[in-house]
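Survey of secondary and tertiary structure
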Amino acid sequence: MKVTTTWTGKRAFTSVGPSGYSVGMDATAAYGGDGQGATPMELLLAGLAGCIGIDITMIMDAFLGSISSIEIDAEGTRKEEMPKGFTAIDLIFKVNGDVPDYRIWKAIELGKEKYCAVSDSLKADIRYRLVLNGEEMTRG
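These figures come from a predicted structure and were not determined experimentally.

1. Digging into the overall build of the chain
Along the chain, the regular secondary structure elements total three helices and seven strands. Listing the helices and strands of the chain from first to last along the sequence gives β-β-β-α-β-β-α-α-β-β. C-alpha atoms of the chain, sized along the principal axes, occupy 50 × 35 × 25 Å. Within the chain, the proportion of its 140 residues that are buried is 31%. Summarising the internal contacts of the chain: among those between residues at least 6 apart in sequence, 50% fall at separations of at least 24. A total accessible area of about 8,800 Å² is found for the chain, and carbon and sulfur atoms account for 54% of it. The chain carries 15 positive and 19 negative side-chain charges, and their two centres are separated by 7 Å.

2. As for the pairing of strand E1 (residues 4-9)
Within a regular beta strand, the side chains point alternately toward one face of the sheet and then the other, so they alternate between its two faces. By the bridge criterion, five bridges tie E1 to strand E2 (residues 12-16) in an arrangement that is antiparallel. Across the sheet, the residue bridging to Thr 4 is Val 16, located in E2.

3. Quick notes on helix H1 (residues 40-59)
If you check H1, its first and last C-alpha atoms are 28 Å apart, about what 20 residues at 1.5 Å a residue would give, namely 28 Å. Where H1 is concerned, the buried positions are Leu 45, Leu 48, Ala 49, Cys 51, Ile 52, Gly 53, Asp 55 and Ile 56. Residues of H1 that are buried in the fold lie against strand E4 (67-78), strand E5 (86-97), helix H2 (101-115), helix H3 (117-120) and strand E6 (125-132).

4. Quick notes on the sheet that holds E5
Judged by pairing direction, the sheet is mixed, and its four strands sit side by side in the order E4-E5-E6-E7 without closing on themselves. The sheet terminates laterally at E4 and strand E7 (135-137), the two strands that pair on one side only. Going across the sheet, the axis of each strand differs from the next one's by a mean of 25°, ignoring polarity. Note: E4 against E5, 11 bridges, orientation antiparallel. Bridge pairing links Ala 74 to Leu 91 in E5. Relative to E5, H1 is tilted by about 45°, and along the sheet it contacts E4, E5 and E6. The strands touched by H2 are E5, E6 and E7; relative to E6, the strand with the most contacts, the crossing angle is about 160°.

Analysis parameters
- Residues numbered from 1 in each chain as written.
- Predicted model: local features only at pLDDT ≥ 70, side-chain atom pairs only at ≥ 80, totals over all residues.
- Heavy atoms only, no water.
- Helix = DSSP H or I, 4+ residues; strand = E, 2+ residues; numbered from the N terminus.
- Buried < 20%, exposed > 50% of the residue type's maximum accessible area, 1.4 Å probe, protein only.
- Contact = heavy atoms within 4.5 Å.
- Areas by Shrake-Rupley, 256 points an atom, 1.4 Å probe, with all protein chains shown as cover.
- Lys, Arg positive; Asp, Glu negative; His and termini not counted.
- Charge placed at Lys NZ, Arg CZ, Asp CG, Glu CD.
- Pairing = 2+ DSSP bridges.
- Expected span 1.5 Å × (residues − 1).
- Axes fitted to C-alpha atoms, helices over the stretch in contact; angles between N-to-C directions.

Structure follows, in structure tokens:
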């Protein structure tokens, strides 16, 4: 896979990959940017959440009719020193619908251990939590 990232001025860049979609990035004012796009670290969290989210929907395909919503919060903890990479990432899966928690946990585990290429590419400790119909569920 190849993604081409082109400087568009000051600290801003636009990336285009094989899908043909472009993503604008910029630094915050603290780093000399104008905030005209998502930061690369935001995109990394979004990519992780999107990757495992797609995996979960593929694994749970037969049960999607029973799920009314899936929302994934990704919260990253960063190092204080440069480079300020993530040391830990918490993924909170908020699912609403008529589906048992063990099925969702199974999908999360399969995504984490077998399918999600983004999580496999990261050094950070990635932790997973599930909130089903507003109630936090523990692994069974």
